[in-house]
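Observations on chain architecture
Each chain, written out:
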Amino acid sequence: MLEPLRQGLPPIDPSAVAGSASCTLPARYEAVGGARRFTRTTLNSWDLGERFDDVALVVSELVTNALRHALPADTARERQDSSVRLHLMRWSSRLVCAVRDPSEKGPVAGEAPDSAESGRGLFLVESFSDCWGWHPSPVPVGDTAPEGRFGKVVWALFRLTDHTTAERPVPVDAFPDSL
């Protein structure tokens, strides 16, 4: 699951890959809090605790979107525990948050009325990350997914400050559609 995202990044020194972590999220809205706790623990272990607020907001939005829009409404959610996964990947100058879900339909940013209580998730992802995108999942989704169903991965990239080296900005199209 993580390798295609690593391959999609602009060339970097392999020794710069600092770590990756992932967790399976239950198909319940309470999983969003678990995703934030997992994110805090992981970022702290990578000495990136100061990035928690922005990263946690993006993780919350991506996980909420996966739970709200990607899981079939007609199936018991308790049986879909392996359907949504959160992946965090860190390089010396980049952090990627990726959420994999069983839907093959891509996310669509909508315009919510000022009075709406939801509908701004992808706007927030775009505002708080350096770039984001999605691609079809390169591996099948969990044991409970119908045969042949691959789903998608929605990702957000954060540039990390590195005081020792300056790196070129990552353009939005740096992640090819074929990931």
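The rules behind the values
- Residues numbered from 1 in each chain as written.
- Predicted model: local features only at pLDDT ≥ 70, side-chain atom pairs only at ≥ 80, totals over all residues.
- Heavy atoms only, no water.
- Helix = DSSP H or I, 4+ residues; strand = E, 2+ residues; numbered from the N terminus.
- Buried < 20%, exposed > 50% of the residue type's maximum accessible area, 1.4 Å probe, protein only.
- Contact = heavy atoms within 4.5 Å.
- Areas by Shrake-Rupley, 256 points an atom, 1.4 Å probe, with all protein chains shown as cover.
- Core = buried A, V, L, I, M, F, W, Y, C linked by side-chain atoms within 4.5 Å.
- Expected span 1.5 Å × (residues − 1).
- Polar contact = N/O pair within 3.5 Å; in protein donor to acceptor, adjacent residues only side chain to side chain.
- Phe/Tyr/Trp six-rings, centres within 6.5 Å; stacked < 30°, edge-to-face > 60°.
- Lys NZ or Arg CZ within 6 Å of the ring centre and 35° of its normal.
- Lys, Arg positive; Asp, Glu negative; His and termini not counted.
- Salt bridge = Lys/Arg side-chain N within 4 Å of Asp/Glu carboxyl O.

Bringing the overall build of the protein into the picture now. A count of helical and extended segments in the protein gives four helices and five strands. In the protein, the order of α-helices and β-strands from amino to carboxyl end is α-β-α-α-β-β-α-β-β. Considering the protein as a whole, with its 179 residues, one finds that 47% of them fall into the buried category. Expressed as a percentage of contacts within the protein between residues at least 6 apart in sequence, the contacts between residues at least 24 apart total 70%. About 9600 Å² of surface is accessible on the protein, with carbon and sulfur atoms providing 50% of the total.

Across soluble globular proteins, nonpolar side chains have a tendency to be buried as a group. Residues Leu 25, Val 59, Val 63 and Leu 86 are the most contacted members of the largest nonpolar core, which totals 34 residues. Excluding its chain neighbours within four sequence positions, the residues that come into contact with Val 59 are Ala 35, Thr 39, Leu 86, Leu 88 and Cys 97. Counting eight residues, the second-largest nonpolar core is a separate cluster that includes Trp 91, Val 96, Val 153 and Trp 155.

The end-to-end C-alpha distance of helix α3 (residues 52–70) is 25 Å, a good match for the 27 Å that 19 residues give at a rise of 1.5 Å each. The element α3 is largely enclosed, with a buried count of 14 among its 19 residues.

A separate point is the side chain of Ser 60. With respect to the element layout, Ser 60 can be found in helix α3. Engagement of the side chain of Ser 60 in a polar contact is seen with the side chain of Arg 36, the distance being 3.0 Å. Those residues within four positions of Ser 60 in sequence are excluded, and the remaining contacts are Val 32 and Arg 36.

Now for unusual backbone geometry. Despite not being glycine, Asp 47 shows a phi value in the positive range, around 55°. Within the secondary structure layout, Asp 47 lies in the loop between α2 (31–45) and α3.

It is worth spelling out the packing of aromatic side chains at this point. Counting across every chain of the model gives zero aromatic pairs. We note Arg 40 situated over the ring of Phe 52; from NZ or CZ to the ring centre the distance is 3.8 Å.

Examined against the element boundaries, Glu 61 turns out to sit in helix α3. One buried charge, Glu 61, has no salt-bridge partner; the nearest side chain with opposite charge is Arg 68, at 6.6 Å. Not counting residues within four places of it along the chain, the set of residues in contact with Glu 61 comprises Gly 121, Leu 124 and Val 125.

By themselves, these observations are geometric and do not establish any function.
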